[in-house]
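Residues per chain, in single letters:
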Amino acid sequence: MRYPVICLCLVLILFPSASRAQKYAGEFMALGGGARAMAMGGAFIAVADDATTTFWNPAGLASFSSLGGRPRNWEAVLMHAEQFGDLIDSNFLSIAFPLKDGESAWGFAIVHMGIPDIPIVLLKPGMISNSDGDDIYEPQQGEGLNFDPSNISYESANDVAAFISYGQRFPFASAGASVKIIRSDQVTGVTSLGIGLDIGLLRRGVWRDLALGLKLQDATGTYIGWSTGKREYIYPALKIGCAYPFRFEQMGSTLLLAVDGDFRYENRRGAAQFWLNRASADFRAGAEIVIRDIVALRGGLDMGRPTAGMGVMLQDFGPWHMSLGLDYALLHHDEFDMTHRVSLMVAR
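Here's what I pulled together on the structure shown here.

Quick notes on the rules
- Residues numbered from 1 in each chain as written.
- Predicted model: local features only at pLDDT ≥ 70, side-chain atom pairs only at ≥ 80, totals over all residues.
- Heavy atoms only, no water.
- Helix = DSSP H or I, 4+ residues; strand = E, 2+ residues; numbered from the N terminus.
- Buried < 20%, exposed > 50% of the residue type's maximum accessible area, 1.4 Å probe, protein only.
- Phe/Tyr/Trp six-rings, centres within 6.5 Å; stacked < 30°, edge-to-face > 60°.
- Lys NZ or Arg CZ within 6 Å of the ring centre and 35° of its normal.
- Pairing = 2+ DSSP bridges.
- Salt bridge = Lys/Arg side-chain N within 4 Å of Asp/Glu carboxyl O.

Turning our attention to the environment of P149. Tracing the sequence through the fold places P149 in the loop between β5 (144–145) and β6 (153–169). Note on P149: relative accessible area 57%, which makes it exposed. As a C-alpha pair, P149 and V121 span 28 residues in sequence and 8.8 Å in three-dimensional space.

What follows concerns the packing of aromatic side chains. A full pass over the atoms with the stated rule returns twelve aromatic pairs. When the ring of Y223 is compared with that of Y233, the centres are 5.4 Å apart and the planes differ by 55°; the resulting orientation is tilted. You can see Y223 sitting in strand β10 (residues 222–226) and its partner Y233 sitting in strand β11 (residues 231–234), a full ten residues away along the chain. Judged by its relative accessible area of 16%, Y233 is buried. For the ring pair Y244 and F246, a centre distance of 4.9 Å and an interplane angle of 50° mean the geometry is tilted. Residue classification places F246 among the partly exposed residues on the basis of a relative accessible area of 36%. An aromatic cluster of three or more residues is present, and its members are F44, F55, W56, F92 and F163. The lysine or arginine in question, K215, covers the ring of F55, its NZ or CZ lying 5.1 Å from the ring centre.

Further remarks concern unusual backbone geometry. Within the chain, D117 stands out as a residue other than glycine whose phi angle is a positive 55°. Looking at the secondary structure, you find D117 in strand β3 (residues 104–120). Positive phi outside glycine occurs at D293, with the angle close to 55°. Topologically, D293 is positioned in the loop between β15 (279–291) and β16 (295–302).

Where burial is concerned, the two faces of β16 differ: the one with A296, R298, G300 and D302 is buried and the one with V295, L297, G299 and L301 is not. Two elements, β15 and β16, share eight bridges in a ladder whose sense is antiparallel. The partner of I291 across the bridge, within β16, is V295. Taking the residues that link successive antiparallel strands as the turn, the β15-β16 hairpin has three residues, and the phi of R292 there is positive, at about 55°. Across eight bridges, the pairing between β16 and strand β17 (residues 305–317) is antiparallel. Residue R298 lies in a different strand from β17, and its bridge partner there is G309. As consecutive antiparallel partners, β16 and β17 are separated by two residues, and within that stretch M303 has a phi angle of approximately 55°, a positive value.

A word on the pattern of salt bridges. When their charged atoms lie close together, side chains carrying opposite charge are able to pair. Considering all chains together, one arrives at 17 salt bridges under this definition. A salt bridge links D262 to K239; the shortest N-O distance between them is 3.0 Å. Of this pair, D262 sits in strand β13 (residues 253–265) while K239 is found in strand β12 (residues 237–248), placing the two residues 23 residues apart along the sequence. Exposure class is identical for D262 and K239. Each is buried. The residue R298 makes a salt bridge to D327 at a minimum N-O spacing of 2.9 Å. With R298 in strand β16 and D327 in strand β18 (residues 322–331), this pair connects stretches of sequence that are 29 residues apart. Neither residue differs from the other here; R298 and D327 are each classed as buried. One salt-bridge network, held together by shared partners, links R36, D49, D50, E288, R298 and D327.

In structure tokens form, the structure reads like this:
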């Protein structure tokens with residue numbers, strides 16, 4: 001694992017723009033995708049065995065189709081969620097297509113976050129009463145607002161990221177990469193466009209059934225340019241995970257345990273679980289027990305916040321021999337409402 005760490009250090013040295021990166025730029029992508037992974041606390045870097053690996057770790061694309069002895073022609077996962085009541089809408093779509101079963105595959109994913117019905121009041125001359133002339137509404141200084149409530153318009157803010165990914169198996173491990181394009185449409189016509197690169201590695205069978213995964217997210221620092229002239233860069237982040245399945249043949253069940261760590265260097269401080277100066281670390285853990293390849297029960301910790309969920313799978317369903325899966329995740333937040341996530345898996 002020393003080589004990926006060295007690569008991360010080189011990225012920070014060779015790309016000085018990363019040192020001017022904006023904290024939390026592109027943070028909407030941290031919402032993740034797939035109720036299965038979210039119910040496991042987001043500990044999925046080394047699991048990476050379904051279509052959502054296009055987002056979580058592109059290296060998993062190389063072998064996802066042949067796991068469990070069920071080759072796929074394609075697999076798709078769709079998810080919708082309304083967070084914090086109905087304040088934020090989030091949507092996720094991921095599709096994977098094997099090129100050579102168990103050897104290589106490609107896929108794409110879309111992550112969307114939208115905030116609808118934002119009231120917009122455009123500042124006009126004379127709107128701020130008792131103004132000190134700086135065109136900033138400061139009620140603590142006795143300023144007031146004069147406007148007609150019937151003239152309020154409503155707009156939506158939308159953030160979208162599209163991933164195009166490829167994974168290939170090599171003798172030492174599976175490797176993959178994702179090119180991502182980030183688009184933001186904010187209120188009053190403000191827009192942005194960015195492009196970035198994620199690189200992943202995955203090695204199964206390191207020791208018995210132990211899997212180790214690594215993802216260098218925003219490997220070169222992701223650039224985002226705004227229509228206002230502002231520029232943002234997303235820091236590289238190193239994500240490392242391990243997973244181990246325990247198989248109980250007599251019960252027809254499998255228990256999967258997974259742990260992930262996210263390591264950043266962007267001065268997150270109190271927003272992270274652990275931090276020292278500019279460096280920070282966040283950890284995730286998850287468990288899944290699958291009974292006879294039909295029912296799955298899941299739980300986990302996402303940066304200390306509990307998660308839970310379940311899933312149901314139907315194999316070779318219908319005359320087209322489709323496989324269908326329905327997954328549910330319940331996510332806890334310290335300050336806001338619980339979030340419910342439901343995703344549908346379709347494969348053939």
